[in-house]
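# Descriptive analysis of the structure
As a plain string of letters, each chain reads:
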Amino acid sequence: MISVREIRKTYPGGGPGAAGSGRVRAVDGISFELRAGEVVGLLGPNGAGKSTTIRMITGYLGADGGSVHIDGFDAFRAPVKARRATGYLPEHAPLYPEMTPLGYLRYRARLCGRWGRSAGRLAEAAASRCGLSEMLKRRIGRLSKGYRQRVGLAAALVHEPRVLILDEPASGLDPVQIREMRALVRELAQDRTMLLSSHILDEVERTCDRVMVIARGKLRADGTPTELAERFGPSPRVVFQCKSDPSVLDPRATSSATGGGWNEGRLEPLQGEDPRGLAERIGATATKHGVALRELRIETATLEDAFIHLTDDAPQPRAKTPSGSRVLRALPEGSR
């Protein structure tokens, strides 16, 4: 549904990332594909190139090179056809505060070539899907931030696109509104392909089937949240708290005091060693020697661990690959 090949964008200026000519590479040869029905997150720190990438895909910004196809249409050579297949919610939705949601959605439907009763039906259907039915006749300027985001999302849906692209959809929302927006996005994803850009790790992890990490204008890695954590995060380790020196239970354990006579031990498995077996051995040793245990768990890598690693200047994957997981690649420097 979305095919991006080697898109590039530079801006005039200096500073970090600037080329020798004084131009900044905002996006530097990014390539990826989204299949029908996928919900994919574009994750990266502020200034990574996420919004620039999305604006080039949606046709709001010209590219210096590369190609984009949406639903089979060339977004650069046939932009009108590509846009008809695309719904786009920018980070700051372009709303008219003096209009009502219903009036605005009818207006957006007419911009998409729908008139009369057809425009009204599409507006009401999009409003219903986004939970706006009770707000249709209120002025947009008087709505909460969460409801304004819903209006923007309904506007992106009003022409019934097959592809939906959202740029920071949870920006500025409170925790309750974020949860509601997340549920809405998952519901909308049931019958369309979706690309979601964010710098909020929890939002991407909870919403997306697949994650692409971008940093300094380059695509660093692509996979499920679990795969990225396993491949690019630290190895699993056993963590325990005991009423003795942790080295009594295993001489390799590092130790730190936690107060009240309790000490925390951390122990990384050896190459090929099963962390579950190591945890069981720690528990058995504590029982044998009468050492009190307050906690015994296996600490695994998270998407946050992988994100921090991948957004470094020169990320390198761990040499070993966890059993049963698909091998991911940190894209070679020349192909990012």
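In this report, the structure presented in the accompanying data block is examined. These numbers were taken from a predicted model, which means no experiment stands behind them. (Residues numbered from 1 in each chain as written. Predicted model: local features only at pLDDT ≥ 70, side-chain atom pairs only at ≥ 80, totals over all residues. Heavy atoms only, no water.)

## Quick notes on the overall build of the protein chain
When helices and strands are counted, the protein chain shows 10 helices and 14 strands. In terms of principal-axis extent, the alpha carbons of the protein chain reach across some 80 × 50 × 35 Å. Out of the 336 residues in the protein chain, the part that is buried amounts to 47%. Taking contacts inside the protein chain between residues at least 6 apart in sequence as the whole, the part at least 24 apart equals 67%. For the protein chain, the exposed area adds up to about 16,500 Å²; of that, 49% sits on carbon and sulfur atoms. (Helix = DSSP H or I, 4+ residues; strand = E, 2+ residues; numbered from the N terminus. Buried < 20%, exposed > 50% of the residue type's maximum accessible area, 1.4 Å probe, protein only. Contact = heavy atoms within 4.5 Å. Areas by Shrake-Rupley, 256 points an atom, 1.4 Å probe, with all protein chains shown as cover.)

## Notes on the sheet that holds strand β4 (residues 65-70)
Across the sheet, four strands lie side by side as β2-β1-β4-β5; this open sheet has antiparallel pairing. The open sheet has two edge strands with one neighbour each: β2 (23-34) and β5 (73-74). (Pairing = 2+ DSSP bridges.)

## Focus on the environment of Asp64
Examined against the element boundaries, Asp64 turns out to sit in the loop between α1 (50-57) and β4. Separated by 54 residues in the primary sequence, Asp64 and Thr10 have C-alpha atoms spaced 7.3 Å apart. Those residues in contact with Asp64, other than ones at most four positions away along the chain, are Arg8, Lys9 and Thr10. Here the side chain of Asp64 touches Thr10 through a polar contact of 2.8 Å, landing on its backbone nitrogen. (Polar contact = N/O pair within 3.5 Å; in protein donor to acceptor, adjacent residues only side chain to side chain.)

## A few points about the packing of aromatic side chains
Tallied over the entire structure, the rule returns four aromatic pairs. Between the aromatic rings of Tyr104 and Tyr107, the centroid separation amounts to 6.4 Å while the plane-to-plane angle is 40°, which identifies the pairing as tilted. With Tyr104 and Tyr107 both in helix α3 (residues 101-111) and three residues apart, this pair spans about one turn of that helix. An aromatic cluster is present here, built from Tyr96, Tyr104 and Tyr107 joined pairwise through their rings. Over the ring of Tyr60 we find Arg83; its NZ or CZ atom is 5.9 Å from the centre of that ring. (Phe/Tyr/Trp six-rings, centres within 6.5 Å; stacked < 30°, edge-to-face > 60°. Lys NZ or Arg CZ within 6 Å of the ring centre and 35° of its normal.)

## Remarks on the pattern of salt bridges
In this structure the tally under the stated criterion is 24 salt bridges. Here Arg210 ties to Glu38 by a salt bridge, and the two come within 2.9 Å at their closest N and O atoms. Note that Arg210 is positioned in strand β9 (residues 210-215) and Glu38 in the loop between β2 and β3 (39-43), a separation of 172 residues in sequence. Classification of Arg210 as buried rests on a relative accessible area of 10%. Residue class for Glu38 comes out buried when judged on its relative accessible area of 11%. Between Arg297 and Glu299 there is a salt bridge whose closest N-O contact spans 3.2 Å. Since its relative accessible area comes to 31%, Arg297 is described here as partly exposed. (Salt bridge = Lys/Arg side-chain N within 4 Å of Asp/Glu carboxyl O.)

## A closer look at the environment of Leu219
Within the element layout of this structure, Leu219 appears in strand β10 (residues 218-223). Remark: the alpha-carbon pair of Leu219 and Glu124, spanning 95 residues in sequence, is separated by 39 Å.

## Here we look at the side chain of Lys9
Structurally, Lys9 is set in strand β1 (residues 2-12). Of the residues examined, Lys9 reaches a relative accessible area of 13% and is grouped as buried. From its side chain, Lys9 meets the backbone oxygen of Gly62 in a polar contact 3.0 Å long. Beyond its immediate sequence surroundings of up to four residues, Lys9 is in contact with Val24, Arg25, Ala26, Val27, Thr52, Met56, Leu61, Gly62 and Asp64.

## Here we look at unusual backbone geometry
With a phi angle near 55°, Asp71 is a residue other than glycine that sits in the positive phi range. Relative to the helices and strands, Asp71 resides in the loop between β4 and β5. Overall, the relative accessible area of 22% leaves Asp71 in the partly exposed class. Look at Glu168: it is not a glycine, yet its phi comes out positive at around 50°.

## Notes on helix α5 (residues 145-157)
With 13 residues, α5 extends 19 Å between its outermost C-alpha atoms, agreeing within 8% with the 18 Å of an ideal straight helix rising 1.5 Å per residue. For α5, the tally of buried residues reaches 10 of 13 residues, placing the bulk of the element in the interior. Along α5, the residues that are buried comprise Gly146, Gln149, Arg150, Val151, Gly152, Leu153, Ala154, Ala155, Ala156 and Leu157. For α5, the elements touching its buried residues are β6 (86-89), α3, α4 (116-129), β7 (163-167) and α6 (175-188). (Expected span 1.5 Å × (residues − 1).)

## Quick word on the sheet that holds strand β13 (residues 262-267)
With antiparallel pairing, the four strands of this open sheet are ordered in space as β12-β13-β11-β14. A single partner strand is all that each edge strand has here, and the edge strands are β12 (254-259) and β14 (293-299). Going from strand to strand, the sheet's axes swing by 20° on average, the running direction of each strand aside. Two strands pair when backbone bridges link them, and strand β11 (residues 237-242) and β13 are joined in this way by five bridges, in the antiparallel orientation. Bridged to Cys242 within β13 is Asn263. (Axes fitted to C-alpha atoms, helices over the stretch in contact; angles between N-to-C directions.)

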